[in-house]
Amino acid sequence: MLTEELMQDARKYLMDTYARYPLALVRGHGTKVYDVEGREYLDFLAGIAVNVLGHCHPKVTLALQQQAQQLIHTSNLFYTEPQVRLARVLVEHSFADKVFFCNSGAEANEAAIKLARRWAHAKDGAGRYEIVSMVNSFHGRTLATLTATGQEKVQKGFEPLPEGFRHVPFNDAAALSTAVTSRTAAILVEVVQGEGGVQVATPAFLKACRDISRERGALLMLDEVQTGIGRTGKLFAYEHFGITPDVMTLAKGLGGGVPIGACLATDDAAKAFTPGSHASTFGGNPFVCAAALAVLEVILEDKDILGQCARSGEYFLKGLQELRGRCPAVTAVRGLGLLIGVEVALDARELVHDLRKRGILANATSEHVLRFAPPLVVTTAEIDRVVATLGDVIEARR
Ligand SMILES: *Cc1c(COP(=O)(O)O)cnc(C)c1O
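Every value quoted in this text rests on a predicted model; they were computed, and no experiment measured them.

### What about the overall build of the protein?
Now for step 1: Secondary structure summary: the protein contains 14 helices and 17 strands in total.
Now for step 2: Taken against the 2.2 N^0.38 rule, which gives 21 Å for 398 residues, the C-alpha radius of gyration of the protein at 21 Å falls within 12% of a compact globule.
Now for step 3: Projected onto its principal axes, the C-alpha coordinates of the protein cover approximately 60 × 55 × 45 Å.
Now for step 4: A sequence separation of at least 24 residues applies to 70% of the contacts in the protein between residues at least 6 apart.
Now for step 5: Of the roughly 17,900 Å² of accessible surface on the protein, 54% is carried by carbon and sulfur atoms.
Now for step 6: A gap of 1 Å separates the mean positions of the 42 positive and 44 negative side-chain charges of the protein.

### Looking at the site of the ligand
Now for step 1: As a structural note, the neighbourhood of the ligand is formed by Ser-104, Gly-105, Ala-106, Asn-109, Phe-138, His-139, Gly-140, Glu-190, Asp-223, Val-225, Gln-226 and Lys-252.
Now for step 2: Here a nitrogen atom of the ligand and a backbone polar atom of Phe-138 are 3.2 Å apart.
Now for step 3: Here Asp-223 contributes a side-chain N or O atom positioned 2.7 Å from a nitrogen atom of the ligand.
Now for step 4: Protein contact buries 81% of the 380 Å² of open area that the ligand shows by itself.

### Looking at helix α4 (residues 81-92)
Now for step 1: Over its twelve residues, α4 extends 16 Å from the first C-alpha to the last, a length consistent with the 16 Å expected when each residue adds 1.5 Å.
Now for step 2: Along α4, the residues classified as buried are Pro-82, Gln-83, Leu-86, Ala-87 and Leu-90. End-on, the buried residues of α4 take up no more than an arc of 135°, which puts them together on one face. In α4, those exposed residues whose orientation departs by more than 90 degrees from the buried face are Glu-81, Val-84, Arg-88 and Glu-92.

### Description of the layout of surface pockets
Now for step 1: Approximately 930 Å³ is the volume found for the second largest pocket.
Now for step 2: Lining the second largest pocket are 27 residues; nearest its centre among them are Asn-76, Gln-83, Val-99, Phe-100 and His-278.
Now for step 3: Among the secondary structure elements, those contributing two or more residues to the lining of the second largest pocket are α4, β4 (98-102) and β12 (261-265).
Now for step 4: Its residues assigned to classes, the lining of the second largest pocket shows 15 nonpolar, eleven polar and one charged.

### Examining empty space enclosed by the protein
Now for step 1: Following the criterion strictly, the structure yields one cavity of 30 Å³ or more and no others.
Now for step 2: Approximately 40 Å³ is the volume found for the largest cavity.
Now for step 3: Forming the walls of the largest cavity are 13 residues, and the residues nearest its centre are Thr-74, Ser-75, Asn-76, Gly-284 and Asn-285.

### With respect to the pairing of β12
Each regular strand carries side chains that alternate between the two faces of the sheet.
Now for step 1: The buried fraction of β12 is high, at five of five residues.
Now for step 2: Of the two faces of β12, both are covered, the one formed by Gly-261, Cys-263 and Ala-265 as well as the one formed by Ala-262 and Leu-264.
Now for step 3: Note: β4 against β12, five bridges, orientation antiparallel. Bridge pairing in β12 places Cys-102 opposite Gly-261.

### Quick look at unusual backbone geometry
Now for step 1: Cis rather than trans, the peptide bond between Glu-159 and Pro-160 has omega equal to 5°.
Now for step 2: A positive phi angle, near 55°, is found at Ala-46, a position not held by glycine.
Now for step 3: By the element assignment, Ala-46 lies in helix α2 (residues 46-49).
Now for step 4: Under the relative-accessibility criterion, Ala-46 is labelled buried at 0%.

### A few points about the packing of aromatic side chains
Now for step 1: The full count for this structure, using the stated rule, is seven aromatic pairs.
Now for step 2: Their ring planes at 80° and their centres at 5.8 Å tell us that Phe-95 and Tyr-238 sit as a pair that is edge-to-face. Remark: Tyr-238 occurs in the loop between β10 (219-223) and β11 (247-250) and Phe-95 occurs in the loop between α4 and β4; sequence separation between them is 143 residues.
Now for step 3: Judged by relative accessible area, Tyr-238 falls into the buried class, the value being 5%.
Now for step 4: Measuring from ring centre to ring centre gives 5.4 Å for Phe-316 and Phe-372, while their planes differ by 55°; the resulting arrangement is tilted. Residue Phe-316 is found in helix α12 (residues 304-326), and its partner Phe-372 is found in strand β17 (residues 369-372); the two are separated by 56 residues along the sequence.

### A closer look at the sheet that holds β10
Think of a sheet as strands paired side by side through backbone hydrogen bonds, with each pair either parallel or antiparallel.
Now for step 1: What the seven strands build is an open sheet, ordered β4-β12-β11-β10-β7-β5-β6; its pairing is mixed. For this open sheet the edge positions go to β4 and β6 (165-168), each flanked by a neighbour on one side alone. Sheet twist, expressed as the mean angle between neighbouring strand axes with direction ignored, is 20°.
Now for step 2: Inspection of the sheet shows strand β5 (residues 130-134) paired to β6 by four bridges, in the parallel sense. Pairing of Met-134 across the sheet is with Val-168, part of β6.

### Thoughts on the environment of Gly-335
Now for step 1: For Gly-335, the location among the structural elements is in strand β13 (residues 330-336).
Now for step 2: Given a relative accessible area of 17%, Gly-335 falls into the buried group.
Now for step 3: For the pair Gly-335 and Leu-6, spaced 329 residues apart in sequence, the C-alpha to C-alpha distance is 35 Å.
Now for step 4: Excluding residues within four positions of it along the chain, Gly-335 makes contact with Val-198, Val-200, Leu-317 and Ile-340.

Thresholds, definitions, all that
- Position numbers for residues start from 1 in each chain and track the written sequence from start to end.
- Local features in this predicted model are restricted to residues of pLDDT 70 or higher, and side-chain atom pairs are both shown and tallied only at a pLDDT of 80 or more, whereas totals for entire chains, interfaces and linings draw on every residue.
- Side-chain metrics in this entry use all non-hydrogen atoms of the structure; hydrogen atoms and water are not considered.
- Helix and strand assignments follow DSSP, with helices taken as H or I runs no shorter than four residues and strands as E runs no shorter than two, numbered in order from the N terminus.
- It is over C-alpha atoms that the radius of gyration is taken, and the globule rule equals 2.2 Å times the number of residues to the power 0.38.
- Only heavy atoms matter for contacts: two residues are in contact if any of them lie within 4.5 Å across the pair.
- Note on areas: Shrake-Rupley with a 1.4 Å probe; residue coverage comes only from the protein chains shown.
- When charges are counted, neither His nor the chain ends are considered; positive counts come from Lys and Arg and negative counts from Asp and Glu.
- By convention, the point assigned to a charge is CZ for Arg, NZ for Lys, CD for Glu and CG for Asp.
- Neighbouring residues are identified by heavy atoms, a residue being near a molecule or strand if any of them is within 4 Å of it.
- Polar contacts here mean pairs of N or O atoms no more than 3.5 Å apart (in protein, one a potential hydrogen donor and the other a potential acceptor; neighbouring residues in sequence count only if both atoms are side-chain atoms).
- By definition here, a helix of n residues has an expected span of 1.5 Å times n minus one.
- For every residue, the accessible area (1.4 Å probe, protein chains only) is compared with the maximum for its type, and the residue is labelled buried under 20%, exposed over 50%, or partly exposed between those bounds.
- This arc corresponds to the set of directions leading from the helix axis out to the C-beta atoms.
- Buriedness of a pocket was judged along seven lines, with at least five required to meet protein on both sides within 12 Å; pockets are open sets of points on a 1 Å grid over the protein atoms alone, cavities are sets where a 1.4 Å probe fits but cannot get out, and lining residues have an atom within 4 Å of a point.
- Grid points are joined across faces, edges and corners, and a volume is the space filled by probe spheres set on the points.
- In the scheme used here, Gly and all other residues not listed as nonpolar or charged are polar, with Ala, Val, Leu, Ile, Met, Phe, Trp, Tyr, Cys and Pro taken as nonpolar and Asp, Glu, Lys and Arg as charged.
- We treat two strands as partners when DSSP finds at least two bridges between them.
- Geometry of aromatic contacts follows a simple scheme: Phe, Tyr and Trp rings, the Trp one being its six-membered ring, pair when their centres are within 6.5 Å, and the pair is stacked under 30 degrees between planes, edge-to-face over 60, tilted otherwise.
- In this analysis, axes come from line fits to C-alpha atoms, helices being fitted only over the stretch in contact, and the angle between any two N-to-C directions falls in the range 0 to 180 degrees.

No statement about biological role is implied by the geometric values presented.
So, in structure tokens, the structure goes:
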């Protein structure tokens, strides 16, 4: 089907929830995707930080093929080996003792919020229930997670919102200290605000999150849905900062493209859930866990993939900073590993369209911020091409 026809049918049959680019993709390989007409694109968004190993990585594809022939789904009324093995790998490579599996980032945060409330109620009674999160954060689209999200545009029209959420400015330890009280069940924070325009937490702020939550008897919950699984050059972004949380959520990169989320916790926090207190029919089924196991196997066995991501991220940032030096329309460049934001004094959405016309996929998190989140296996030649092309499209818009 041609792109035009597909777009017409989409308008007719799909709910109108996405502002999509006029591009229909049919195939992907590594850092490249191909449209209906056979045109090639360099994918510097990777399904919004999802395809960490690139498209159709042979080990992920093979694991899915094999699992699909063996057992796809059983429900959580039974044990399956891929789920238990995946939990073990996550526990052995993180701060956590226990894992709960679900299907998306929102669901992982929903699990974390429910866990925090039950943990706090058991410890201090029903008066401790508040979740303190950040202005400009993003935690998902369920009612609880959109309430935790510090962006009005996500909440508008869905009132009344659930009670018990408050927001403080990101990277403001003094405001956090005032907001966290004996009513606080947990602090929920992203290590890098992805949807909020690629804002990196300062080490001092994350340390304050850790210290304040501990002092006041609340949990520290990191939303690593976007930053986890190698995106920042470490398996988990908290590893850059010398702190560990009590709870962490994962999703995007975890399955290398299949829908899976996870809520990880210390034993102390995890014991708040008992049989029947939380569940998900699909959560952690053998099919998605087989994919996630393959992703983690590649990342953990190929020791240099994280180092390569860190070096590529630095190389990309340096290239963009040089661009900023000769191009006044670029007003800021920031990021960690291969999660990178470029702030521009132009319409970022128009630049995204310009880049697409030149065969490069990225997106805009807001009117003035471009986001790049390529597969971790991106090459320096590909980065050079993106920096040069960005320079060209900005120049053409001036
Ligand atoms: C994308 C994202 C979510 C929501 O994930 P979904 O899978 O879309 O529900 C939550 N938190 C962060 C930090 C994200 O980037």
